[in-house]
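Chain by chain, the residues:
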Amino acid sequence: MIPFVIVGTVGVAALAAPLHSLDGPHLAVVLGLLVANVAYGVRVALRTEPSWRDGVPPLAFFLVIAALRDGTASATPTVPLLALPTLWIALYGTRRQLVLAGAATMAVLVVPMVLVGAPRYPLSDWRRAVVWTLIVFLICPVIQRVVNRLDEERSRQERVSTHLDGVLRAATEHAIVASDLEGRITFFNEGAERMLGWKAEEVVGLRTPEVWHDQAELDRIALEEGVDRAEVVVHRAKREGRDTREWTYVSRDGHRSTVRLTITGMYDASGTLVGWMGVAVDVTVEQQALRALRESEQRWRALLDHLPDTAVMVIGPDLRFRLATGLGLQRQGVANAQGLTLADISSPENVARIEPVLRAALGGREGQVEVLATRTGRVLQIVGTPLPPRDDEPEALVVAWDVTEERAREESERRARQLFQRIFDEAPYGVALVGLDGIVQQVNPALCQMLGTPREDMVGRPLETFRPPHSDAPQGIIQVLLDSPAGRLELEMYLPRPDGQLVRVAIGGVVLRGPDGVAESVLFNIVDISERHRYEEQLSYLADHDPLTGLANRRQFDAALTAHMERCRRTGPAGALMVLDLDHFKQINDTLGHLAGDQLIMAAGAALRARAGGNDLVARLGGDEFALLLPDADREGATALARDLVQLVRDQVGVRSGGRDRRVTTSIGVVLVTDADTSSSELLSAADMAMYDAKEEGRDGFSVFGGVDAEHPGTAGRLAWVDRLSEALETDRFVLHAQPILDLRSGRVSGAELLVRMLDEDGQPVSPAQFIPAAERAGLIQQLDRWVLDRAVDVLSDAQHIDPTFRVQVNLSGHSVGNQMVIHDLLRHLSQRPFDPQCLVLEITETVAVADLDSAVQFGRDVQAMGFRFALDDFGAGFGSFKYLKHLVFDFIKVDGDFVVDAPSNPTDRLILASIVGLAHGLGKETVAEYVEDEQVLQVVRSLGIDHAQGHHVGEPEPVEDLLRRLARGEAFPAKGVRAARP
């Protein structure tokens, strides 16, 4: 606009310069119009937004030209000025403005000629008017169309350029780099800056793209493709016009990344190549993901290929296997199933069952079926699952599992459930299934019969309603079971019957858990133990009581005496102890028989019980020996009671035989508790010695002294035994004799029992009946047992040099059972001496074992754990033999001689022997018969299946040296010609 204003102003000024050609008013009009038009034109030129007002200045310029012509009265000078507005409108105006410009041109040139005429406006000017009018209406529109097309093309190019520039700059995730044919960078976008760490101003026009390429990669590819290193990036694009491949970029800070680079040529309007455009995308993560995907696919393929008993397949509409893998195919004999159809690998029967499932899966519905494999006959479970279509064709995933074992297991579980139900219903004891809420869910007929309650009255009731009042059973038994680590519970309690009776039952409860380990219910086994309970109560009573007299036995008396001494240590010494036996009882027993002896013992027990005080304890210690514990007695009271008892036995205890009464008397020893630190064994020993004082004083009397240190003529003699025993142990005046044991199966002497003997000061033997009780009373019996064990190991070691299988049996007293010093000695011998511990047999009597069952059981286990063997001696002599066999640990049963001596003539003895043999052999134990005194007894015990025999008929006890010598020489034993077998 401004150039046109300037030219128009100069043109008007030039025409108006000769002032004489225009009068004053006329000149003022021209200048006024010119100034107004120029001012408005400048204002329009300064406005940035287009408006319809932009065409006003050019059209208004026609008024200036008209005024100027009127002043000059000629068209010739003003005609060139008409070109200015007309040209501006042709270049910048609209079609309508161009029409108005044509009309204005005609008005300026033609209207004055028509209205004013010659001579002021000669008609000769019509030619100019026609020419300019034609120019405006014909030529100017052409110019305007060309200009418009140029504007449109320029606008389009500007839009394209703006859009392209926006795209290039907005592509921040892509590195876009342009270069000319010489390789100089001409464009470097923000994405390239982020990826490569360079700024655009640092690389544009200054560097080539090779600066961020991995140089070693460029060298390698240039060598592989045989191109110049400078052309390695673009040589494919030169050949093919475009190239896409992956490269390694190294950013400015050294970070390496994998990019996918696309290179295309850039061409000018004539199609001439002017440069290269590269677009790089960072595919590092993508490549890592692809590698991970490939590795995952490889792992899954390997997994599928090795799935045991499983086949995985993919099928299409033609039921052809596009993929088939898994070890299950190999095991079914169709390892190469890929590419085959269902009909190729299955029987028609299986095809008819499987095809509907596969068709349903291809149709988008999952299904399954079980069939027997065509080739192997195993049970297969086939599942069809829809897959996304591939190339507009449906596909389905087919998985086949070999479920033969699973179905067999399910069948086994079904049978197990049936068996459980049968066992539940037919169990001879009560069974109840209870929920975790404590509600009874199911009971069996045996429980209903046991409790006399119909099933419908039990099921659905809380378990606690069956708990009788004041029961000692725990409440909340279900929770107790759930809290138990083992999930088990055993208890005994009473359950009520409708008739008011209580049934003693043993209940075993166990928590039933599901496959996930979660508790589901509780199963109770309920056994009626009323009879057993009564029997056990009887056994418990008999365990503490003498079965013949009903008095306390030795076990209960020892416990009571120990408790009394403990009380004395807390409150001070008090009370007294009595020990008594019946005078000449053995003669009566041997003369009149055991029945008469038993009658005497029962009569004596009854008399003692009748006379004893309420707090006194009367016990039978064994045989004809009794004891009384008087916890509250003093010397006077104890003496009075002893005197009364002597009189009572003399007057009331007797037996009738041969038409007359046989009376007995008693000898009583009394000891007062004067020292609280005195042991129970010391008190018993002192009372026993006092009893022997009474016997030495003529029997039928008693002897009392104040304590274990009190002087008494007879007691002094028995105390002398303590000194003699101690001296004998110190001077080694004990010796071992050995009595051979015959193996009735092989007929040879396979071992010997070692018997301890004491020598007096003159070297003469002392009877064991004298020193063994004295050693027990004096508390020296354990020391004597350890001496015997030490010598027994020496004997065994020597004997095994002759016969490695020879056994040695050693008796232990009750005091040594459970003694840790004995265990220590055995361990010491094992570590020091070369002998087989299996050949050392330790014997304890049945009465000793029963007296302290727990100690005997633990001692037997400890002995067997070290390899030694264990024998139960005098079996049958004590009470409850069969009861305790299941608890005791032993290898041999030595049958008491009382059952052996009369076996040839006594059927009862033979029956008892046969039952003991059957019991022992059933338990895997060996038997030894004691007191085999003649050939007839030997033949009987052999015929009954007893394993070993011992007695004077086999061989009498003799010094161990003589036995070892006979073993070494294979000589006969002196008794009945039994020979030792040489190994």
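The numbering scheme is per chain: residues are counted from 1 as the chain's sequence reads. Whole-chain, interface and lining totals are the exception, using all residues; otherwise, since this is a predicted model, local features are given only for residues with pLDDT of at least 70 and side-chain atom pairs are given and counted only at 80 or more. Values shown for side chains rest on all heavy atoms present in the structure; no hydrogens or waters enter the calculation.

Caption draft 1: Local environment of the overall build of the chain. Only DSSP runs of H or I covering at least 4 residues are called helices, and only runs of E covering at least 2 are called strands; the numbering of each starts at the N terminus. On a plain count of helices and strands, the chain comes out with 34 helices and 32 strands. Exposure is judged per residue with a 1.4 Å probe applied to protein chains only, and the accessible area is read against the type maximum: over 50% gives exposed, under 20% gives buried, and values in between give partly exposed. For the chain, buried positions account for 45% of its 983 residues. Should any heavy atoms of two residues lie within 4.5 Å, those residues are considered in contact. Partitioning the contacts of the chain with sequence separation of at least 6, the portion at a separation of at least 24 is 55%. The protein chains shown are the only cover counted for residues, whose accessible areas, like all others here, come from Shrake-Rupley with a 1.4 Å probe. Taken as a whole, the chain presents about 49,900 Å² of accessible surface, with 55% of it coming from carbon and sulfur.

Caption draft 2: Examining the pairing of strand 27 (residues 840-845) more closely. Buried residues dominate strand 27, accounting for six of its six residues. On strand 27, burial covers both faces: Leu840, Leu842 and Ile844 on one face and Val841, Glu843 and Thr845 on the other are all buried. What makes two strands pair is DSSP finding at least two bridges between them. Sheet topology places strand 26 (residues 807-811) next to strand 27; four bridges connect them, and they run parallel. Across the sheet, Asn811 pairs through a bridge with Glu843, a residue of strand 27. Alignment of strand 27 against strand 28 (residues 869-875), held across five bridges, turns out to be parallel. By the bridge assignment, Ile844 is partnered in strand 28 with Leu872.

Caption draft 3: Up close: helix 5 (residues 95-109). Taking 1.5 Å per residue as the helical rise, helix 5 with its 15 residues ought to reach 21 Å, and the 21 Å between its terminal C-alpha atoms agrees with that figure. Here helix 5 has its buried residues at Gln97, Leu98, Ala101, Gly102, Ala104, Thr105, Val108 and Leu109. The arc that holds every buried residue of helix 5, seen down its axis, measures 165°, which confines them to one face. Helix span is expected to be 1.5 Å times the residue number reduced by one. By construction, the arc corresponds to the directions joining the helix axis to the C-beta atoms.

Caption draft 4: Helix 10 (residues 215-225), seen in detail. Listed in full, the buried residues belonging to helix 10 are Glu217, Leu218, Ile221 and Ala222. One side of helix 10 carries all its buried residues, which in axial view fall inside an arc of 130°. Opposite the buried face of helix 10, at more than 90 degrees from it, the exposed residues are Ala216, Leu223 and Glu224. Taken together, the buried residues of helix 10 touch strand 3 (242-250). Of the residues flanking the start of helix 10, the one acting as N-cap is Asp214, its side-chain oxygen 2.9 Å from the backbone nitrogen of Ala216. Once helix 10 ends, the next one or two residues include Gly226, with phi positive near 65°. Here a polar contact means two N or O atoms within 3.5 Å. Within protein one must be a hydrogen donor candidate and the other an acceptor candidate, and residues neighboring in sequence count only if both atoms are side-chain atoms.

Caption draft 5: Focus on empty space enclosed by the protein. For each structure, a 1 Å grid was placed over the protein atoms alone; sets of points admitting a 1.4 Å probe that cannot get out are labelled cavities, open sets with protein on both sides within 12 Å along at least five of seven lines are labelled pockets, and lining residues have an atom within 4 Å of a point. Grid points are joined across faces, edges and corners, and a volume is the space filled by probe spheres set on the points. Following the criterion strictly, the structure yields four cavities of 30 Å³ or more and no others. Approximately 330 Å³ is the volume found for the largest cavity. Ile345, Ser346, Leu380, Ile382 and Ala400 are, among the 26 residues lining the largest cavity, the residues nearest its centre. Those elements that provide at least two residues to the lining of the largest cavity are strand 6 (310-315), helix 13 (327-331), helix 14 (342-345), helix 15 (348-362), strand 9 (379-390) and strand 10 (393-402). No other element matches the four residues that strand 10 contributes to the lining of the largest cavity. Class assignment for the residues of the lining of the largest cavity results in 16 nonpolar, seven polar and three charged. Residues are grouped as follows: nonpolar covers Ala, Val, Leu, Ile, Met, Phe, Trp, Tyr, Cys and Pro; charged covers Asp, Glu, Lys and Arg; every other residue, Gly included, is treated as polar.

Caption draft 6: Local environment of the side chain of Glu395. By the secondary structure assignment, Glu395 is in strand 10. Here Arg322 takes part through its side chain, which lies 2.7 Å from a polar atom of the side chain of Glu395.

Caption draft 7: Just the packing of aromatic side chains, in detail. Two aromatic rings, drawn from Phe, Tyr or Trp (for Trp, its six-membered ring), form a pair once their centres lie within 6.5 Å of each other, and the interplanar angle then sorts them: stacked below 30 degrees, edge-to-face above 60, tilted otherwise. Under the definition given, this model contains six aromatic pairs. On the basis of an interplanar angle of 55° and a centroid distance of 6.0 Å, the ring pair of Phe734 and Trp787 is categorised as tilted. On the criterion of sequence distance, the pair formed by Phe734 in strand 23 (residues 734-743) and Trp787 in helix 27 (residues 781-802) is long-range, its members being 53 residues apart. With respect to burial, Phe734 and Trp787 carry one shared label: buried. Considering the side-chain rings of Phe859 and Phe870, the 6.0 Å spacing of their centres and the 65° angle between planes classify their relative orientation as edge-to-face. Taken together, the residues Phe859 in helix 30 (residues 853-865) and Phe870 in strand 28 connect sequence positions eleven residues apart.

Caption draft 8: Region of interest: the sheet that holds strand 4 (residues 256-267). Spatially, five strands are ordered 2-1-5-4-3 in an open sheet, and the strand pairing comes out antiparallel. Of all the strands in the sheet, the pair left with one neighbour each is strand 2 (185-188) and strand 3. Along the sheet, successive strands turn relative to each other by an average axial angle of 25°, direction set aside. One ladder, built from three bridges, connects strand 1 (residues 174-180) with strand 2; its direction is antiparallel. Bridge pairing in strand 2 places Ala178 opposite Phe187. Orientation is described by axes fitted as lines to C-alpha atoms, over the contacting stretch for helices, and by angles from 0 to 180 degrees between their N-to-C directions.

Caption draft 9: Fine view of the sheet that holds strand 9. Judged by pairing direction, the sheet is antiparallel, and its five strands sit side by side in the order 7-6-10-9-8 without closing on themselves. Each having just a single partner strand, strand 7 (321-325) and strand 8 (367-372) make up the two edges of the open sheet. Each adjacent strand pair in this sheet contributes to an overall mean axis angle of 20°, direction not counted. Pairing of strand 9 with strand 10 involves nine bridges; the strand directions are antiparallel.

Caption draft 10: Here's a closer look at the pattern of salt bridges. Counted as salt bridges are all cases of a side-chain nitrogen of Lys or Arg within 4 Å of a carboxyl oxygen of Asp or Glu. With the rule as written, the count across this model stands at 52 salt bridges. Note that Arg422 is salt-bridged to Glu426, the shortest N-O span being 3.8 Å. In this pair, Arg422 and Glu426 both sit in helix 16 (residues 404-426), four residues apart, roughly one turn of the helix. Each of the two residues, Arg422 as well as Glu426, counts as exposed. A single network of salt bridges, built from pairs that share partners, joins Asp743, Arg745, Arg869, Glu926 and Asp947.

Caption draft 11: Main features of a nonpolar patch on the surface. Put simply, a patch holds well-exposed residues, over 30% relative accessible area, that have no salt bridge, with like charges counted together within 9 Å and Val, Leu, Ile, Met, Phe, Trp or Tyr side chains within 5 Å. On the surface, Val99, Met106, Val130, Leu134, Phe137, Leu138 and Ile139 cluster together into a nonpolar patch covering about 590 Å² of accessible area. With five residues, the top contributor of residues to the nonpolar patch is helix 7 (residues 126-170). Its location among the elements puts Phe137 in helix 7. Residue Phe137 is classed as partly exposed on the basis of its relative accessible area, which comes to 35%.

Caption draft 12: Up close: the UniProt feature "transmembrane region" (unreviewed entry) in the chain. UniProt positions are given in the numbering used here, feature names are shortened, and annotations may be inferred rather than shown by experiment. UniProt records the feature "transmembrane region" (unreviewed entry) for residues 26-46, 58-91, 97-117 and 129-147 in the present numbering. Summarising residues 129-147: 100% helix, 0% strand, and an end-to-end C-alpha distance of 25 Å.

Caption draft 13: Expanded view of the environment of Ile668. Inspection of the secondary structure puts Ile668 in strand 21 (residues 666-672). Ile668 sits 23 residues away from Leu645 along the chain, and the two C-alpha atoms are 8.6 Å apart. In this structure, Ile668 is in contact with Met578, Val579, Leu580, Ala642, Leu645, Val646, Ala690, Met691, Ala694, Gly701, Phe702 and Ser703, ignoring residues within four places of it in sequence.

Caption draft 14: Broad picture of the pairing of strand 13 (residues 488-496). Burial along strand 13 is one-sided: Leu489, Leu491, Met493 and Leu495 are buried, and none of Arg488, Glu490, Glu492, Tyr494 and Pro496, which face the opposite way, are. Between strand 13 and strand 14 (residues 502-513), which follow one another and run antiparallel, lie five residues, and Gly500 among them has a positive phi close to 95°.

Caption draft 15: Just the packing of helix 22 (residues 594-611) against helix 23 (residues 635-652), in detail. It is the contact of helix 22 with helix 23, at a shortest axis distance of 10 Å, that shows an interaxial angle of 145°. Relative to helix 23, the crossing made by helix 22 is right-handed. Between helix 22 and helix 23, the residues in contact are Ala607, Leu608 and Arg611 and Leu641, Asp644, Leu645 and Leu648, respectively. Here the residues of the contact of helix 22 with helix 23 are counted per class, giving five nonpolar, no polar and two charged. Crossing handedness is defined as follows: a turn of the near helix away from the far one that is anticlockwise and smaller than a right angle gives a left-handed crossing, while the clockwise case is right-handed.

Caption draft 16: Unusual backbone geometry, seen in detail. Non-glycine residue Arg699 carries a positive phi angle of around 65°. Topologically, Arg699 is positioned in the loop between helix 24 (680-696) and strand 22 (701-705). Even without being glycine, Asp700 reaches a positive phi, approximately 50°. Mapped onto the elements, Asp700 comes out in the loop between helix 24 and strand 22.

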